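Geometric and topological summary
Listed below, chain by chain, are the residues.
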Amino acid sequence: MSERTSWRAMREEILNRPGAGAAYEAARIRFELGETVRLRREALGMTQAQLAAATGMQQPAIARFEAGGTMPTIVMLERLASALDMRLTVEMEPLERAS
């Protein structure tokens, strides 16, 4: 019988594969952006359809974005921020300071 591997060990092994770190980071960014939009939309009492209308997008595109399924452009983020009465801030920082 084989020994079970912990999730932490498996995750570490996967992330050490070539290109995996970049893919993981891209997925994290998509998820966090989508979650931010969803939470703000819900706090404002808006539906996905209402947000779509306010941004000139389609409701399925909003749903995919909120689920972390698409990497947005800056223009898309600006439209979402405006519709959600938010200010878009884009930052870049040295990796040694990033958490």
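Everything below is about the structure shown above.
Notes on the structure follow. (Residues numbered from 1 in each chain as written. Predicted model: local features only at pLDDT ≥ 70, side-chain atom pairs only at ≥ 80, totals over all residues. Heavy atoms only, no water.)

A closer look at the side chain of Arg41
- Structurally, Arg41 is set in helix α2 (residues 20–43).
- Excluding residues that lie within four positions of it along the chain, Arg41 makes contacts with Met46, Thr47, Gln48, Leu51, Glu66 and Leu84. (Helix = DSSP H or I, 4+ residues; strand = E, 2+ residues; numbered from the N terminus. Contact = heavy atoms within 4.5 Å.)

Here's the deal with the nonpolar core
- Residues Val37, Met46, Leu51, Ala52, Met57, Ala61, Ile62, Phe65, Met76, Leu77, Leu80 and Leu84 constitute the largest nonpolar core, which totals 12 residues.
- Going through the elements one at a time, α3 (48–55), α4 (59–66) and α5 (74–83) are the ones with two or more residues in this core.
- Contact partners of Ile62, with chain neighbours within four places excluded, come to Gln48, Leu51, Ala52, Thr55, Met57 and Leu80. (Core = buried A, V, L, I, M, F, W, Y, C linked by side-chain atoms within 4.5 Å. Buried < 20%, exposed > 50% of the residue type's maximum accessible area, 1.4 Å probe, protein only.)

What to know about a nonpolar patch on the surface
- Residues Trp7, Met10 and Ile14 make up a contiguous nonpolar surface patch of about 310 Å² in total accessible area.
- Here Trp7 is to be found in helix α1 (residues 7–15). (Patch = residues over 30% accessible without salt bridge, like charges linked within 9 Å, V, L, I, M, F, W, Y side chains within 5 Å. Areas by Shrake-Rupley, 256 points an atom, 1.4 Å probe, with all protein chains shown as cover. Salt bridge = Lys/Arg side-chain N within 4 Å of Asp/Glu carboxyl O.)

So, the side chain of Gln48
- For Gln48, the location among the structural elements is in helix α3.
- A polar contact of 2.5 Å, which involves the side chain of Gln48, links it to the side chain of Gln59.
- In contact with Gln48, other than residues within four places in its own chain, are Arg41, Gln59, Ile62, Ala63 and Glu66. (Polar contact = N/O pair within 3.5 Å; in protein donor to acceptor, adjacent residues only side chain to side chain.)

Notes on the pattern of salt bridges
- On inspection of all chains with the given rule, the structure shows 4 salt bridges.
- A salt bridge links Arg38 to Glu42; the nearest nitrogen and oxygen atoms lie 3.2 Å apart. Note that Arg38 and Glu42 are positioned in helix α2 at a spacing of 4 residues, about one turn of the helix.
- We classify Glu42 as partly exposed; its relative accessible area is 42%.
- When the shortest N-O distance is used, the salt bridge between Glu66 and Arg41 registers 2.6 Å. Taken together, the residues Glu66 in helix α4 and Arg41 in helix α2 connect sequence positions 25 residues apart.
- We classify Glu66 as buried; its relative accessible area is 9%.
- A network of salt bridges, in which partner residues are shared, links Glu25, Arg28 and Glu32.

Observations regarding the packing of α3 against α5
- Close contact between α3 and α5 brings their axes to 9 Å; oriented N to C, the two are set at 115°. Considering only the axes of α3 and α5, their crossing is right-handed. Packed against α3, whose contacting residues are Leu51, Ala54 and Thr55, the element α5 presents Arg79, Leu80 and Ala83 at the interface.
- Its residues assigned to classes, the contact of α3 with α5 shows 4 nonpolar, 1 polar and 1 charged. (Axes fitted to C-alpha atoms, helices over the stretch in contact; angles between N-to-C directions. Left-handed = near helix turned anticlockwise from the far one by under 90°. Nonpolar A, V, L, I, M, F, W, Y, C, P; charged D, E, K, R; others polar.)

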